[in-house]
Amino acid sequence: MRHLRACLGAAAAVTLAAAGTTALVASDASGATTALSNRWYAAAPYLMPLDNNPPNAAAIMDATGLKAFQLAFVLAPDGGGCSPTWGGTAAVSSDTAVQSVIDTIRAKGGDVSVSIGGYGGTKLGQTCAAAAATAAAYQQVITKYGLHAIDFDLEEPEYENTAAIRNEIGAAKILQQNNPGLYVSVTTPGTADGTGWFGKQMLLEAKSQGFTPDNFSIMPFDGGFSGAAAQTSALTNFNAILQSTFGWDQATAYAHEGFSGMNGRSDTGEYFTQADFQTVLDYATSHNMDRFTFWSLNRDRQCSPVDNNGTTSGTCSSVAQGDWDFAKYSVEFAGVTPPTTTPTPTPTPTPTSCKTAWSSTTVYTAGNEVSYNSHNWKAKWWTQNEVPGASEWGPWQDEGAC
């Protein structure tokens, strides 16, 4: 994806009813046993709970009516191995931080899905020996958090690795079989003609393994898209690909198709506004599509200045907006009308102090912190002379304003 990664009427009511309410019910560490309807998991926007200045999930729920969150991303350990971690560094087995976020969401009547993969990093499909081992690693995540939904975000570099994709698709099929009712989405890059060669190969792999998820979603951004018209065209083209690959009719293909957008400024400088989201939402609901989500809630707030100095941020959208404007489109896709009254805003916290200024000549290693352009940044790995913020998926993690 990325990454830095809309009026419901009678048609929406039909799709909501068609989505049903069947979902896996399982206990998590906090004792929660209530699953949401699948429509909520289909509408869940992405949230990084440990990075990119995580917003308060409870505040988003209060402001928008949102109930479901897509937590990102589970990866293989940075040092290698076949055990699940958050972002390659925080072992799922010993996690308490993400569990606390999940407990907060569930205490307010919401729930989460977990996304595995994403752009960059090492994926479990690359490091685990086979599909069964990959599935066993993901089962640890499902069991620990009592998950009712999971998302396979298959992107570079794993995207181009045939053996890794075979492991991921095989693992998804095993999890689907071993966890009845588990909502499974598969997310992959989008192109103007729907999806590229690697996306089509992934679909053929799913077909060969006899695996059908709840949906295959494309991400129509970072590929020369200009607004909603280009995105809906790509969704139409992707529908034709699903038909030809699986032998589905048009309606069946739409019922297994999803959209994953990027709010505001994309990594390549495309802009997607609230109006674009509304257009795509109308398309999704009128075609009875299964999923509508976006990257990300961490970015669903206005930059200061609004254009963020012409760069793409992981913590704001670079377009004029109110907090959580884009989340409201997900709420509408789920069949709920967002609140019309604006809650009392949470006071803006006093900015933290700035770290030592970044230097182009200094060597930095993972964990080192600097300040640059009135933001604090943390090094993800060894780096020298790479400007913080020049690339969202470069060596620097934005820790917010200072």
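Our structure is the block above this text.
Residues numbered from 1 in each chain as written. Predicted model: local features only at pLDDT ≥ 70, side-chain atom pairs only at ≥ 80, totals over all residues. Heavy atoms only, no water.

Caption draft 1: Focus on the state of the cysteines. Under the counting rule described, the total for this entry stands at three disulfides. Residue pairing for Cys 303: its cysteine sulfur links by disulfide to Cys 316, the two sulfurs lying 2.1 Å apart. In this structure the cystine formed by Cys 303 and Cys 316 twists about its S-S bond by roughly 95°; its chirality is therefore right-handed. Taken together, the residues span a long stretch of sequence, with Cys 303 in the loop between strand S12 (291–295) and helix H12 (327–333) and Cys 316 in the loop between S12 and H12 at a distance of 13 residues. When its relative accessible area of 3% is taken as the criterion, Cys 303 is described as buried. We classify Cys 316 as buried; its relative accessible area is 7%. One disulfide bridge connects Cys 354 with Cys 402, the sulfur atoms lying 2.1 Å from each other. The sign of the S-S torsion, about 90°, decides the handedness of the disulfide formed by Cys 354 and Cys 402: right-handed. Linking Cys 354 in the loop between H12 and strand S13 (369–372) with Cys 402 in the segment after strand S15 (396–401), this pair joins segments that are 48 residues apart in sequence. (Disulfide = S-S within 2.5 Å. Helix = DSSP H or I, 4+ residues; strand = E, 2+ residues; numbered from the N terminus. Buried < 20%, exposed > 50% of the residue type's maximum accessible area, 1.4 Å probe, protein only.)

Caption draft 2: Examining the nonpolar core more closely. Counting residues in hydrophobic clusters, the biggest one holds 91 residues, and the most contacted among them are Phe 69, Leu 71, Phe 152, Phe 216 and Phe 292. Counting residues per element, this core draws most heavily on helix H9 (residues 227–246), which supplies seven residues. Sequence-distant contacts of Phe 216, defined by excluding residues within four places in its chain, comprise Val 186, Met 202, Leu 203, Ala 206, Phe 238, Leu 242, Phe 246, Trp 248, His 256, Glu 257 and Gly 258. Trp 358, Tyr 364, Val 370 and Trp 396 belong to the second-largest nonpolar core, a separate cluster that totals six residues. (Core = buried A, V, L, I, M, F, W, Y, C linked by side-chain atoms within 4.5 Å. Contact = heavy atoms within 4.5 Å.)

Caption draft 3: Region of the structure containing the pairing of strand S7 (residues 183–189). The buried count for S7 comes to six of seven residues, which makes it a mostly enclosed element. Relative to S7, strand S6 (residues 149–153) is paired through five bridges, and the arrangement is parallel. Note that in S7 the partner of Ala 149 across the bridge is Tyr 183. Taken together, S6, helix H7 (residues 162–178) and S7 constitute a β-α-β crossover, and its handedness is right-handed. (Pairing = 2+ DSSP bridges. Right-handed = clockwise from strand over helix to strand, strands pointing away.)

By themselves, these are just geometric observations and shouldn't be taken as functional.
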